[in-house]
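Structural description and commentary
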Amino acid sequence: MKPLPRLILCDGLPGSGKTTTTQQLWLHLDSLGHEARWWFEHELNHPVIGFDQARAAQQAGGAEARQIFAQAHAGWAKLAPQLDAGRGITLLEGTLFQATVGAQLLADLPRAEIVAHFDRTLELIAPLEPVLIHLRQENVEAALTATCARRGPWFLAFLQGEFAATARGRRVGRNDPAALLDYFTERRAVSDELFTRFSGRKLAHENSDGDWARQRKAITDFLGLPSMPATARPERAEEFAGRYRAGTGDEWVVTADSAGLCLTTDSPARLLPRGRDRDRFVIEGLCVELTFQRSASGAIEAIACAGNLPDLPPRWTRV
């Protein structure tokens, strides 16, 4: 069996499945008894570079962007000895390419500077012998079109608004789909180049066919892990279904179907079982853990919510 790495990096274009894949791998490692920590790209206090930092860098460009990316190096430099001293496995998604390379391109930094920054990052994390999983999609235009169609009209509008506010967007003076495609095509090309420079164990997996079972097997084989089992439907799933309200007035609706539980919000998501406690779940694609709380009679009366995200109410009462 291959030794498990202390640092697993997963990256790819939007919609390539890097968040869901990293979360599934984290849950799988946990189920096998390994101590693992997954850092979601939008999580507060991200150890390397958070979403808000990357956004600030790509909007500012120039010296301010360079200062933020220097702080990312400081984050790597601080994180590496902590991981080296521990026994656990840390999983980072979107940190190496999306939040750094993608933001550097949007900050309009020279390509040579981006490569030099990447090489320095590799020097900092080399003692950890990290592994890199690159979820690659050959046809960038088709991949973006499929992602926008799957997520809905808001996502294209979001991408256009974000792009327009960046240093690159200001330079090109447009934010139409063609401008976005030019950016993502270049980002994929730079990521491909940097992937070849990555000296550790690495896997480039083409997943344009959407065969997630094939992808999970490729990743577990690559890491020398047992295959990931299919997510089991919770026992008596219907007892969790209902409407839950936070003190803020926000509401969640939990529904049960043949596959399991679904959380209906502005962006519906599955609820995945967490560990052996039948009342614990995580929201698919988010670093949010839900624990259904029961009354003395055993009836579910509330959800305790835990996650390192902004503005996340801690308790949702069944109504």
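All of the points below concern the structure found in this document. As the structure is a prediction and not an experimental result, all values here were calculated from the model. (Residues numbered from 1 in each chain as written. Predicted model: local features only at pLDDT ≥ 70, side-chain atom pairs only at ≥ 80, totals over all residues. Heavy atoms only, no water.)

Some details on the overall build of the chain
The helix and strand inventory of the chain stands at 10 helices and 13 strands. Computed over its C-alpha atoms, the radius of gyration of the chain comes to 20 Å, within 12% of the 20 Å expected for a compact globule of 319 residues. If you line up the chain on its principal axes, its C-alpha atoms span 65 × 45 × 35 Å. The burial tally for the chain puts 48% of its 319 residues in the buried class. Look at the contacts in the chain between residues 6 or more apart in sequence, and 63% of them connect residues 24 or more apart. With an accessible surface of roughly 14,800 Å², the chain has 53% of that area assigned to carbon and sulfur atoms. (Helix = DSSP H or I, 4+ residues; strand = E, 2+ residues; numbered from the N terminus. Rg over C-alpha atoms; globule rule 2.2 N^0.38 Å. Buried < 20%, exposed > 50% of the residue type's maximum accessible area, 1.4 Å probe, protein only. Contact = heavy atoms within 4.5 Å. Areas by Shrake-Rupley, 256 points an atom, 1.4 Å probe, with all protein chains shown as cover.)

Here we look at the state of the cysteines
Every disulfide links exactly two cysteines, by a covalent bond between their sulfur atoms. For the structure on display, the rule yields zero disulfides. With no disulfide of its own, Cys-305 has Cys-287 as its nearest cysteine by sulfur position, at a separation of 9.9 Å. (Disulfide = S-S within 2.5 Å.)

Topic: the packing of aromatic side chains
Overall, the coordinates contain 13 aromatic pairs when judged by the stated rule. Where Phe-240 meets Phe-281, the ring centres are 5.3 Å apart and the plane angle is 80°; that geometry is what we call edge-to-face. One end of the pair, Phe-240, is in the loop between helix 10 (212–223) and strand 6 (242–246); the other, Phe-281, is in strand 10 (residues 280–283), and 41 residues separate them in sequence. By relative accessible area, which is 1% here, Phe-281 ends up buried. Aromatic side chains Trp-252 and Trp-316 sit 3.8 Å apart centroid to centroid with 10° between the ring planes, which places their arrangement in the stacked category. Residue Trp-252 is found in strand 7 (residues 251–256), and its partner Trp-316 is found in strand 13 (residues 315–318); the two are separated by 64 residues along the sequence. Across this residue pair, the class does not change: Trp-252 and Trp-316 are buried. Members of the aromatic cluster, each reached through a chain of ring pairs, are Phe-240, Tyr-244, Phe-281 and Phe-292. For Lys-202, the ring lying beneath its charged end belongs to Phe-195, and the centroid distance is 5.1 Å. (Phe/Tyr/Trp six-rings, centres within 6.5 Å; stacked < 30°, edge-to-face > 60°. Lys NZ or Arg CZ within 6 Å of the ring centre and 35° of its normal.)

Observations concerning the pairing of strand 8 (residues 261–264)
The sheet contact formed by strand 7 and strand 8 spans four bridges and is antiparallel. Looking at the pairing, Ala-256 lines up with Leu-261 of strand 8. Counting the residues in the hairpin turn of strand 7 and strand 8 gives four residues, including Gly-260, whose phi is positive at 145°. Two elements, strand 8 and strand 9 (residues 269–273), share three bridges in a ladder whose sense is antiparallel. (Pairing = 2+ DSSP bridges.)

Quick notes on the sheet that holds strand 2 (residues 36–39)
In space, the five strands of this open sheet follow the order 2-3-1-4-5, with parallel pairing throughout. Every other strand in the sheet has two partners, leaving strand 2 and strand 5 (201–206) as the edge strands with one partner each. Averaged over all pairs of adjacent strands, the angle between strand axes in this sheet comes to 15°, irrespective of strand direction. Sheet topology note: the strand 4 (residues 131–136)/strand 5 ladder contains six bridges and is parallel. If you follow His-134 over to strand 5, its bridge partner there is Ala-204. Contacts from helix 9 (residues 177–197) reach strand 1 (7–12), strand 4 and strand 5, with the element oriented near 150° to strand 4. (Axes fitted to C-alpha atoms, helices over the stretch in contact; angles between N-to-C directions.)

Quick word on helix 10
End to end, helix 10 covers 17 Å across 12 residues, agreeing with the expected 16 Å (1.5 Å per residue, within 8%). Among the residues of helix 10, those classed as buried are Gln-215, Ile-219, Thr-220, Phe-222 and Leu-223. One side of helix 10 holds all its buried residues, which, seen down the axis, span an arc of 160°. If you follow the buried residues of helix 10, they end up packed against strand 1, helix 1 (18–31), strand 4 and strand 5. Count one or two residues on from helix 10 and you reach Gly-224, which has phi positive near 75°. (Expected span 1.5 Å × (residues − 1). Arc of directions from axis to C-beta.)

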